[in-house]
Amino acid sequence: MSNAIDRRVAFVTGASRGIGKAIALRLAADGRHVVCVARNADQLQAVVGEIAAAGGAAEPLACDVGDGEALAAAIDGVADRCGRLDILVNNAGITRDGLLMRMSDADFDDVIRVNLRSAFVACRAAARPMMRARFGRIINMASIAGIMGNPGQANYAASKAGLIGMTKSIAKEIGSKGITANVVAPGFIQTDMTEVLPQALKDAVMPNIPLRSFGKASDIAAAVAYLASDDAGYVTGHVLQVDGGLAM
Ligand code: NAP
């Protein structure tokens, strides 16, 4: 039985922490019903609790986005149950860094599966309800590594460059159905993912950032909120770099 929701529904992957959590909080503050997706159910519950405490609407959905069948079923389930799926944010991502000569096939394949293949599966599943509604906002989380490359990240940079090409292709395919597809490409943002980087590397990067600081997760959430909004209705196939000027 469908339990139709009267506000826009956003499906946000990697919402248990970091950038994805900030996106979930921001979209909820903007009045969306946010489906928060990641593997860690406890962390998702905490994020949903935070949103509810602030007066927003959200639900947790534990899912490994690397499992294509489970991800597609999760999206179909949300669209059926909510009667709509307006906004898709493919944000979940991993790194398995290593220099080319030492990178294993498994480390290459894992990163492509979680970062790129999952977004393909999710876009394909979400396109159906979006086309039916003749409205949709797809936002894929790349990285400036997908634009500039980065030593030790052949797998990660390939996944992020792949997201850019895929998103532009999708934008051309389904723009006529009222669906936009865009990319956000963050630079260095303070999260668990960058916390583990050696201080020497962070110190070396800083002089190349014209704004002289690392970004906050809320900076990325603001870009996503814009691309998800009615104000961005004439923006598609775009790569919005949010990087303090690092990749100019
Ligand atoms: P993070 O703190 O490591 O968080 C990653 C998120 O992805 C978590 O919520 C994690 O949740 C989820 N995730 C990972 N593997 C998953 C899987 N198989 N299935 C479902 N969820 C999964 O990373 P972040 O810094 O917030 O990065 C978010 C996105 O921004 C990523 O795509 C990343 O590549 C991109 N980005 C980050 C930076 C940066 O400087 N931080 C820069 C450029 C791009 P669970 O562990 O609970 O599953």
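Just above, that's the structure.
Residues numbered from 1 in each chain as written. Predicted model: local features only at pLDDT ≥ 70, side-chain atom pairs only at ≥ 80, totals over all residues. Heavy atoms only, no water.

Colleague: What's the story with helix H1 (residues 18–29) in this structure? I'm lost.
Modeller: The α-helix winds at 3.6 residues per turn, so residues separated by three or four positions along the chain end up facing the same way. When the terminal C-alpha atoms of H1 are compared, their 17 Å separation across 12 residues agrees well with the 16 Å that a helix rising 1.5 Å per residue should span. Residues of H1 that are buried: Ile19, Gly20, Ala22, Ile23, Ala24, Leu27 and Ala28. Positive backbone phi, approximately 95°, marks Gly31, located one or two places after H1. (Helix = DSSP H or I, 4+ residues; strand = E, 2+ residues; numbered from the N terminus. Expected span 1.5 Å × (residues − 1). Buried < 20%, exposed > 50% of the residue type's maximum accessible area, 1.4 Å probe, protein only.)

Colleague: Explain helix H3 (residues 68–82) to me, please; I cannot follow it from the model alone.
Modeller: Here H3 spans 21 Å end to end across 15 residues, near enough to the 21 Å set by a 1.5 Å rise per residue. Gly68, Leu71, Ala74, Ile75, Val78, Ala79 and Cys82 are the residues of H3 that are buried. Buried residues in H3, looked at end-on, bunch into an arc of 130°, giving them a common side. Looking at H3, the residues exposed on the side facing more than 90 degrees away from the buried face are Glu69 and Asp80. (Arc of directions from axis to C-beta.)

Colleague: Could you clarify how one ought to interpret the site of the ligand in this entry?
Modeller: The environment of the ligand is made up of 30 residues, and the closest members are Ser16, Arg39, Asn91, Tyr156 and Thr191. The contact in question runs from an oxygen atom of the ligand to an N or O atom on the side chain of Lys160, over 2.9 Å. One nitrogen or oxygen atom from the main chain of Ile189 is found 2.8 Å from an oxygen atom belonging to the ligand. Alone, the ligand offers 890 Å² of accessible surface; in the complex the protein occludes 95% of this. Within the residue set of the shell around the ligand, elements represented by two or more residues are H1, helix H6 (154–174) and helix H7 (192–195). Ranked by the residues each element gives to the shell around the ligand, the list is headed by H7, at three residues. Class assignment of the residues belonging to the shell around the ligand gives a composition of 15 nonpolar, 10 polar and five charged. (Near = heavy atom within 4 Å. Polar contact = N/O pair within 3.5 Å; in protein donor to acceptor, adjacent residues only side chain to side chain. Areas by Shrake-Rupley, 256 points an atom, 1.4 Å probe, with all protein chains shown as cover. Nonpolar A, V, L, I, M, F, W, Y, C, P; charged D, E, K, R; others polar.)

Colleague: Would you explain the sheet that holds strand S5 (residues 136–141) in this entry?
Modeller: Sheets are built from strands that pair by backbone hydrogen bonding, the pairs being arranged parallel or antiparallel. Strands sit in the order S3-S2-S1-S4-S5-S6-S7 across an open sheet of seven strands; the sheet is parallel. With partners counted over all chains shown, the strands left at the sheet margins are strand S3 (57–62) and strand S7 (239–242), one partner each. Within the sheet, the average angular offset between the axes of one strand and its neighbour, ignoring direction, is 20°. In the sheet, strand S2 (residues 33–38) pairs with S3 via six bridges, with the strands oriented parallel. Along S3, the bridge assignment pairs Val34 with Ala58. In this fold H6 packs onto S5, strand S6 (179–186) and S7, with an angle of close to 160° to the strand it touches most, S6. Each of strand S4 (87–90), S5, S6 and S7 touches helix H9 (residues 217–227); the most contacted strand, S6, lies at about 165° to it. (Pairing = 2+ DSSP bridges. Axes fitted to C-alpha atoms, helices over the stretch in contact; angles between N-to-C directions. Contact = heavy atoms within 4.5 Å.)

Colleague: Just to check I follow, could you spell out the side chain of Asp86 for this structure?
Modeller: Counting through the fold element by element, Asp86 comes out in the loop between H3 and S4. Only 2.8 Å separates the side chain of Asp86 from the side chain of Arg84, close enough to count as a polar contact. Ignoring any residue separated from it by four or fewer positions in sequence, one finds Asp86 in contact with Arg7, Arg8, Val9, Met130, Phe135, Gly136 and Arg137.

Colleague: Explain the nonpolar core to me, please; I cannot follow it from the model alone.
Modeller: The nonpolar side chains of a soluble globular protein tend to be buried, and buried together. Residues Phe11, Leu61, Leu71, Ile75, Leu88 and Ile138 are the most contacted members of the largest nonpolar core, which totals 38 residues. Only strand S1 (9–13), S2, H3, helix H4 (105–133), H6 and S6 provide two or more residues apiece to this core. Element by element, the count of residues in this core is highest for H4, at 10 residues. If near-sequence neighbours (up to four positions away) are discounted, Ile138 is found in contact with Leu88, Cys123, Met130, Ile170, Ile174, Ile179, Thr180, Ala181 and Asn182. Listed in part, the 33 residues of the second largest apolar core include Leu27, Val34, Ala223 and Ala225. (Core = buried A, V, L, I, M, F, W, Y, C linked by side-chain atoms within 4.5 Å.)

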